[in-house]
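Residue-level structure breakdown
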Amino acid sequence: AALGIPMTDVADDYQLSFAIDAASREIENATERRFYQDSAPSTKAVVAENMWELQVDDFMTLEGLKIVADYSGTGNFANGITFALPTVVNGATLEGGDVQLEPLNGLIRGQPWPYDKIRAIRSLYFPIWSTINWAQPYQQALVQVTAQWGWSYVPVEVKQACVFEALSLYSMRNAPFGATAFGETGIVRAKPEMHPAAVKLLSPYMRETVLVA
């Protein structure tokens, strides 16, 4: 639709599909986020930032959420301690439990936002000392988090950024070596960066790398 190609014209469908897929993966790499949701919860081992904060990948639902800590430092989570989870009050506010999910209320600037930080708020804490490797005691994944990872919706800015970047990648089919002839100006070399409009739209969604095992 963005290119004005009629639906009956399927000649370039494969190239268009490749461009869309490639743009989607570029956006995920640039933002360090995945704008779709897993169909079922799965478990990840996570390195705690400190005893009170746990940076995790994005999740937007409490369905299947479980947090287990290995205080023995042996890597045996079967004997670990499970954190009590907060309960949902008034359909949105989370209260009680051993942890606080952030951002609070699952909102940033009034927009639905995934949880990406877990804060210990009561008697329990996240272990950071390990007997697995004494040489690097603060780099062990001693917490397991089970969640339904990902976003439950795709923000409109991300969709538009994907359109811009897909169009840019699709146009590069005529410049396989990164350069193409352009009218009277001669050879024009393509820039390796993402489309500038896409970068601008994605800037609020950029995040730092999460340490997971």
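Residues numbered from 1 in each chain as written. Predicted model: local features only at pLDDT ≥ 70, side-chain atom pairs only at ≥ 80, totals over all residues. Heavy atoms only, no water.

Okay, helix H1 (residues 13–31) next. The end-to-end C-alpha separation of H1 is 27 Å, in line with the 27 Å expected for 19 residues at 1.5 Å each. Along H1, the positions that sit buried rather than exposed are Ala19, Ala23, Ser24, Ile27, Glu28 and Thr31. Buried residues in H1 make contact with helix H2 (156–171) and helix H3 (196–202). Phi for glutamate 32, located one or two positions after H1, is positive at around 60°. (Helix = DSSP H or I, 4+ residues; strand = E, 2+ residues; numbered from the N terminus. Expected span 1.5 Å × (residues − 1). Buried < 20%, exposed > 50% of the residue type's maximum accessible area, 1.4 Å probe, protein only. Contact = heavy atoms within 4.5 Å.)

Here we take up the confidence of the model for the protein chain. Of the residues in the protein chain, 83% reach a pLDDT of 70 or more, and the chain-wide mean stands at 84. In the model of the protein chain, strand E13 (residues 186–189) stands out as the element of lowest mean pLDDT, 46, in contrast to strand E11 (residues 143–147), which has the highest, 97. Across residues 185–189 the pLDDT falls below 50, and counting only partners more than four positions away or on other chains, this stretch makes twelve contacts in the model. Within the model, pLDDT remains below 50 along residues 209–213, and this stretch shows eleven contacts once partners closer than five positions in the same chain are excluded. (pLDDT = per-residue confidence, 0-100.)

We now examine the pattern of salt bridges. Applying the stated criterion to the full structure yields eight salt bridges. Where aspartate 57 meets lysine 44, a salt bridge forms, and the shortest distance between an N and an O atom there is 2.6 Å. With aspartate 57 in strand E2 (residues 53–59) and lysine 44 in strand E1 (residues 42–46), this residue pair connects regions lying 13 residues apart in the sequence. Exposure remark for aspartate 57: the relative accessible area of 21% places this residue in the partly exposed category. Here arginine 119 ties to glutamate 102 by a salt bridge, and the two come within 2.6 Å at their closest N and O atoms. Placement of the pair is arginine 119 in strand E10 (residues 115–120) and glutamate 102 in strand E7 (residues 99–102), with a sequence separation of 17 residues. By relative accessible area, which is 25% here, arginine 119 ends up partly exposed. When salt bridges that share partners are traced, they join Glu53, Glu102, Lys117 and Arg119 into one network. (Salt bridge = Lys/Arg side-chain N within 4 Å of Asp/Glu carboxyl O.)

To continue, consider the sheet that holds strand E3 (residues 66–69). Spatial ordering of the open sheet is given by E1-E11-E3-E4, a layout of four strands whose pairing is antiparallel. Sheet topology places E1 and strand E4 (81–82) at the edges, where each strand pairs with a single neighbour. (Pairing = 2+ DSSP bridges.)

Here three strands make up an open sheet; going across it, the order is E2-E10-E7 and the pairing antiparallel. At either margin of the open sheet sits one strand with a lone partner, and together these are E2 and E7. Going across the sheet, the axis of each strand differs from the next one's by a mean of 25°, ignoring polarity. The sheet contact formed by E2 and E10 spans four bridges and is antiparallel. (Axes fitted to C-alpha atoms, helices over the stretch in contact; angles between N-to-C directions.)

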